[in-house]
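Architecture at a glance
Listed here are the chains, written in short residue letters.
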Amino acid sequence: MSGSRSFLSRLRDGDEIARLITFVFAATVVLISILLVLELWHDSVLPRHKFGLGFFRTTTWNPVEGDFGALPFIYGTLVTAAVALFIAVPLGIGAAIFLAELAPPRVSDTLEFFIDLLAAVPSVIYGVLGIFIVVPLMRQYIAPSLKSILGFLPLFRGPAYGLSFLTAGIVLAIMIIPYIISVSREVLLSVPRDQREAALAVGSTRWESTWKVVVPFARSGIMGSIFLALARSLGETMAVAMVIGNDPKISASLLAPGYSIAAVIANELAEATSELHTQSLIELGLVLFLLTFVLNGLARILIVVTSQRGAGRARA
Amino acid sequence: MKRIAGIIVVLLGAAAGVLWADALSINGAGASFPNPIYTKWFDEYHKKNPNIQINYQSIGSGGGIKQVTEGTVDFGASDGPMNDEQLKAYQDKHGSPILHFPTVLGAVVPTYNIPGVDATLNFTGEALAAIYLGKVTKWNDPLIADANKGVKLPSEDIVVVHRADGSGTSYCFTDYLSKVSEEWKTKVGKGTSPNWPVGLGGKGSEGVTGTVKNTPNSIGYVELIYAEANKIPYGNVKNADGVFLKASLASVTAAASGAVKDMPADFRVSITNAKGKAAYPISTFTWLLIPEKFSDSAKRDAIKGFVTWMLGDGQNYTEALSYARLPKEVVAKEKKALAEIQ
């Protein structure tokens, strides 16, 4: 193909220029990620040499003595993200199905406007709402009733101060639901009409066509929205720092205070006076990057596996 | 048309001349606790000396020490004195030392929320240390109750609240606890973000205050300025002479006077638990960190001029902003030390 048209003529047509410019843009994204990791790696040399892999296993975080371990923060990050997804996924997907399939278009579009608005609210506002509304509710009503009903589980034991893993998870859920709804709705709306009509033609009810045909068709897109939400909840800083209690301990109880990676970096970096302390915080940043990377990788594998299985079943 | 354009150009030129008439720009960075008074000072000083413009970024004490050591700013500011290791790092990099100059004083006060208790509570240092170590867990523990005869304290669990973000407030508070409790000193020590044995972490003064307000039977600590500005009730603390004292600007200044006798020449001194009947025990200096040698003599003279003004007229701005002023003895000492800057 290149033989038929000279480089110069392609350049004149603008194809080559467009290709070059967009390639540079695409490459920048990769380059920034690589630079980020290199920088984090380079600036965390002290704790990497001093603690090695023990950094991931130990639970002490003592800036005064210069002893640092990341486990309570990794635990807090994963637990709050898990709680958030546990609450937000059913709610978000349910709402998206309603908006895309069942609601009248005018209602759907109006609600979509408000959902997009919610997604744009800064996280510090969610943190303030968390402190003034979710925390008191948690302490006075939610935690006592959880304890009396589900108190036999270790998940809901111990004193409830209001600041806890569960509170952080709930606030995160409120923050990520708009993402899940917004993206899932778009994906559901883009499912071809033929799919629905075919299902209805063979005698399905409206709900059967939605649940058995449209949702499975849109599955990988919906998964995508969940992973976007997961990434956001892993990295959320401000709102979590305001409601999690900021106590680097590992507790089985969701009602106990904890700490997350992003929150400790935001809290301590500005006043970290020893070099080891600063670098340990930077290594935590590296850990968070790694965590996001691994979870995203697992997510991709999950999508591939489930869509293959789905395809297999369809053939059978 | 041309004339209008001409006028605009002339006006712009004049404006630029006024704004940038070889104004000497000096940059500083550091502690956030004194930021309101520093901003006021630099602004007032600029009004009096239009040719000198001092810019200050409140990025935290740790950041201030780092930036001045790196040489990216002309001076630093910190709520805690630099330690020997940091001084050595500075000396190694620049070949000359860095000096500490106290500017104003601050204090830390205990605040609490106990339903049914309106009285101002008395706290001994031992009681505060035991509460924050998690050893005293009930409000009616004798260690608290004995200092508060006549107040009916509940038999409820104490909810301990501390700062989660690294802060000079925590440094001052833990410095005090280290002085009054041997166990605190060995188990926890002092620092901007120590490893708290118990308690919830609130983000910033507002986080601590909010948590204490919302949580029955809780205790926390905040800066005096913050408590005053937000009308938060706070308790008395027993000082080294055995007097229970409520923090006030006068009692904080008295703490600095009490410590002046043992003050080292470099001003790196903690004034927590200071001697004197009128001295509030959880008080602290905040410092400017100024290099001893300047390569730029104009900058050197400007900074020396500012510090001289700050120690004199500048101190009159402190009370309006709820900072405690420096005692006369310290001002006299600092004026002498200023001569060392070359």
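Quick caveat: nothing in here was measured; it's all calculated off a predicted structure.

The number of helices and strands found in chain A is 14 helices and 2 strands. The buried share of chain A, taken over its 316 residues, is 38%. Here the analysis covers contacts within chain A between residues at least 6 apart in sequence; of these, 76% occur between residues at least 24 apart.

What follows covers the overall build of chain B. When you go through chain B residue by residue, the secondary structure sums to 13 helices and 11 strands. Going through the 342 residues of chain B one by one, you find that 49% of them count as buried.

Once that is clear, we can look at the nonpolar core. Core analysis: the biggest nonpolar cluster contains 162 residues, and V171, I176, I180 and V243 of chain A together with L289 of chain B have the highest contact counts within it. A per-element tally of this core places helix 8 (residues 165-189) of chain A first, with 17 residues. Those residues within four positions of I176 of chain A in sequence are excluded, and the remaining contacts are A84, A88, A229, R232 and S233 of chain A.

This next bit is on the environment of I131 of chain A. Relative to the helices and strands, I131 of chain A is located in helix 7 (residues 123-150). The class of I131 of chain A is buried, set by 24 C-beta atoms lying within 10 Å. In sequence terms I131 of chain A and V171 of chain A are 40 residues apart; their C-alpha atoms lie 9.7 Å from each other. Filtering out sequence-adjacent residues up to four positions away, I131 of chain A remains in contact with M242 and V243 of chain A together with G210 of chain B.

This paragraph deals with the interface of chain B and chain A. In this assembly, 28 residues from chain B lie in contact with 23 residues from chain A. Sorting the residues of the side of chain B that touches chain A by element identifies helix 3 (61-70), strand 7 (200-202) and helix 9 (204-214) of chain B as the ones contributing at least two each. Classifying every residue of the side of chain B that touches chain A by side-chain character gives 7 nonpolar, 18 polar and 3 charged.

All names here are of chain B. Strand order in the open sheet formed by 8 strands is 2-1-3-11-4-8-6-7, with mixed pairing between adjacent strands. Of all the strands in the sheet, just strand 2 (52-58) and strand 7 have a single pairing partner and so form its edges. The mean inter-strand angle of the sheet, taken between neighbouring strand axes irrespective of direction, is 25°. Relative to strand 8 (residues 218-223), strand 4 (residues 98-113) runs antiparallel, the two sharing 6 bridges. What sits directly across from Y112, in strand 8, is I219.

Residues and elements named next belong to chain B. In terms of burial, strand 8 is largely enclosed, as 6 of its 6 residues are buried. Here 2 bridges tie strand 6 (residues 159-163) to strand 8, and the two strands are oriented parallel to one another. For V160, the partnering residue across the bridge sits in strand 8 and is I219.

So, about the packing of helix 12 (residues 297-311) of chain B against helix 13 (residues 328-338) of chain B. Residues and elements named next belong to chain B. Taken N-terminus to C-terminus, the directions of helix 12 and helix 13 make an angle of 170°; their axes are 10 Å apart at the nearest point. Taken as axis vectors, helix 12 and helix 13 run roughly antiparallel relative to one another. Between helix 12 and helix 13, the residues in contact are K304, V307, T308 and L311 and V331, E334, K335 and L338, respectively.

Turning to helix 2 (residues 35-48) of chain B, a few remarks are in order. The first and last C-alpha atoms of helix 2 of chain B sit 20 Å apart over 14 residues, in line with the 20 Å expected at 1.5 Å per residue. Packed against the buried residues of helix 2 of chain B are strand 2, strand 4 and helix 12 of chain B.

On to the domain arrangement of chain A. Looking at chain A, the domain boundaries give domain 1 (2-42) and domain 2 (47-315). Here the C-alpha centroids of domain 1 of chain A and domain 2 of chain A sit 34 Å apart.

Here the focus is the sheet that holds strand 10 (residues 244-245) of chain B. All names here are of chain B. A sheet is described by the order of its strands in space; here 3 strands give the open sequence 5-9-10, paired in mixed fashion. Two strands in the sheet have a free side with no partner beyond their single neighbour: strand 5 (122-123) and strand 10. Across 2 bridges, strand 5 lies against strand 9 (residues 236-238) in parallel orientation. The partner of N122 across the bridge, within strand 9, is N236.

With that settled, consider the confidence of the model for chain A. Residues and elements named next belong to chain A. Overall, the predicted model of chain A reaches an average pLDDT of 89, with 94% of residues at or above 70. Across chain A, element-level confidence peaks in helix 5 (residues 71-102) with a mean pLDDT of 95 and bottoms out in helix 1 (residues 7-13) with 69. The low-confidence segment residues 311-316 (pLDDT under 50) makes 0 contacts with residues lying over four places distant or belonging to another chain.

All names here are of chain A. Look at helix 5 against helix 8: their axes get within 6 Å of each other, and the N-to-C directions meet at 35°. In the crossing of helix 5 with helix 8, the sense of the turn from one axis to the other is right-handed. Each residue belonging to the contact of helix 5 with helix 8 can be placed in one class, and the counts come to 25 nonpolar, 5 polar and 2 charged.

All right, on to the confidence of the model for chain B then. In the predicted model, chain B carries a mean pLDDT of 90, and the fraction of residues at 70 or more is 94%. If you check the scores for this complex, the pTM reads 0.83 and the ipTM reads 0.78.

Cut-off values and rules
- Residues numbered from 1 in each chain as written.
- Chains lettered and ligands numbered in written order.
- Predicted model: local features only at pLDDT ≥ 70, side-chain atom pairs only at ≥ 80, totals over all residues.
- Helix = DSSP H or I, 4+ residues; strand = E, 2+ residues; numbered from the N terminus.
- Buried ≥ 20, exposed ≤ 12 C-beta atoms within 10 Å, placed from the backbone.
- Contact = placed C-beta atoms within 7 Å.
- Core = buried A, V, L, I, M, F, W, Y, C linked by C-beta atoms within 7 Å.
- Nonpolar A, V, L, I, M, F, W, Y, C, P; charged D, E, K, R; others polar.
- Pairing = 2+ DSSP bridges.
- Axes fitted to C-alpha atoms, helices over the stretch in contact; angles between N-to-C directions.
- Parallel < 35°, antiparallel > 145°, perpendicular 65-115°, else oblique.
- Expected span 1.5 Å × (residues − 1).
- Domains from an automatic or database assignment.
- pLDDT = per-residue confidence, 0-100.
- Left-handed = near helix turned anticlockwise from the far one by under 90°.

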